[in-house]
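If you want the building blocks of each chain, they are given just below.
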Amino acid sequence: MNTINRTYALLAGVSLLISACSLPFAGRGGDDMPRPDIAVDDAPGDDVTRPLARGGDGDDALPTQAPEPASDGFLGETLAGLGAPGEAGVWLSTGLVTEPRQGRVESESGSSLRLELRPSGGLPSAGSQISLSAMQSLGLSLGSLATLRVYVE
């Protein structure tokens, strides 16, 4: 066989091999395939980890109402990401307040900024959104989340 014929034979073999790989396997998905036994337990034991309830009367429940400010105005900490970049102003939208009010945030680096605290409608434990102007003023990276201490004035 010359070189050209060998190349064509090799290409034809590779083509057949690729075609065969794309075919479904015999018996796949058919009724003749054995199925594994699947056991479902409606009531798992006490060793199963369950999520915490949100709200309610239990000690482990998360708060559902905005907290009352401490004597220094401290409301709590929040994890904040960039809010709507087209929304003008210097603000923080958070579940730590239920109505718009003036406040202050401090970043982990110690930077502080007065801004408008806006209610997000979410839980106090939920994350917050901060304006582009506020992020830039605090020297925060626009693509990251920042831990902020939130105070009312």
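Model, not experiment: these values are computed from the prediction. (Residues numbered from 1 in each chain as written. Predicted model: local features only at pLDDT ≥ 70, side-chain atom pairs only at ≥ 80, totals over all residues. Heavy atoms only, no water.)

Draft legend 1. Highlighting the environment of Val-150. By the secondary structure assignment, Val-150 is in strand β6 (residues 146-152). Separated by 43 residues in the primary sequence, Val-150 and Ser-107 place their C-alpha atoms 9.2 Å from one another. Setting aside anything within four residues of it in sequence, one finds Val-150 in contact with Gly-73, Phe-74, Leu-75, Gly-76, Thr-78, Leu-92, Leu-96, Arg-104, Val-105 and Leu-117. (Helix = DSSP H or I, 4+ residues; strand = E, 2+ residues; numbered from the N terminus. Contact = heavy atoms within 4.5 Å.)

Draft legend 2. How the structure looks around the pairing of strand β2 (residues 91-94). Neither face of β2 is left uncovered, since the one carrying Trp-91 and Ser-93 and the one carrying Leu-92 and Thr-94 both have all their residues buried. Examined bridge by bridge, β2 and strand β4 (residues 112-119) share 4 bridges and lie parallel to one another. Looking across to β4, one finds that Ser-93 is bridged to Arg-118. The pairing of β2 with strand β5 (residues 128-130) spans 2 bridges and is classified as antiparallel. Looking across to β5, one finds that Ser-93 is bridged to Gln-129. (Buried < 20%, exposed > 50% of the residue type's maximum accessible area, 1.4 Å probe, protein only. Pairing = 2+ DSSP bridges.)

Draft legend 3. Looking closely at the pattern of salt bridges. For the structure on display, the rule yields 5 salt bridges. With its nearest N and O atoms 3.3 Å apart, the salt bridge here joins Glu-116 to Arg-118. Taking relative accessible area as the criterion, Glu-116 reaches 27% and is therefore assigned partly exposed. (Salt bridge = Lys/Arg side-chain N within 4 Å of Asp/Glu carboxyl O.)

Draft legend 4. Summary view of the environment of Leu-96. Secondary-structure assignment places Leu-96 in the loop between β2 and β3 (101-107). Residues Leu-96 and Gly-121, spaced 25 residues apart in sequence, show a C-alpha to C-alpha distance of 9.2 Å. The residues touching Leu-96, leaving out its near neighbours within four places in the chain, are Ala-66, Pro-67, Leu-75, Gly-76, Glu-77, Thr-78, Pro-124 and Val-150.

Draft legend 5. How the structure looks around the nonpolar core. Ranked by internal contacts, the top residues of the largest apolar core, which has 18 residues, are Leu-92, Val-105, Leu-117, Ile-130 and Leu-148. Put simply, the parts of the chain that give this core at least two residues each are β1 (74-82), β4, α2 (132-138) and β6. For Leu-92, the residues in contact, after removing those within four places along its chain, are Thr-78, Ala-80, Val-105, Leu-115, Glu-116, Leu-117, Arg-118, Ser-128, Gln-129, Ile-130, Leu-148 and Val-150. (Core = buried A, V, L, I, M, F, W, Y, C linked by side-chain atoms within 4.5 Å.)

These figures capture arrangement, not role.
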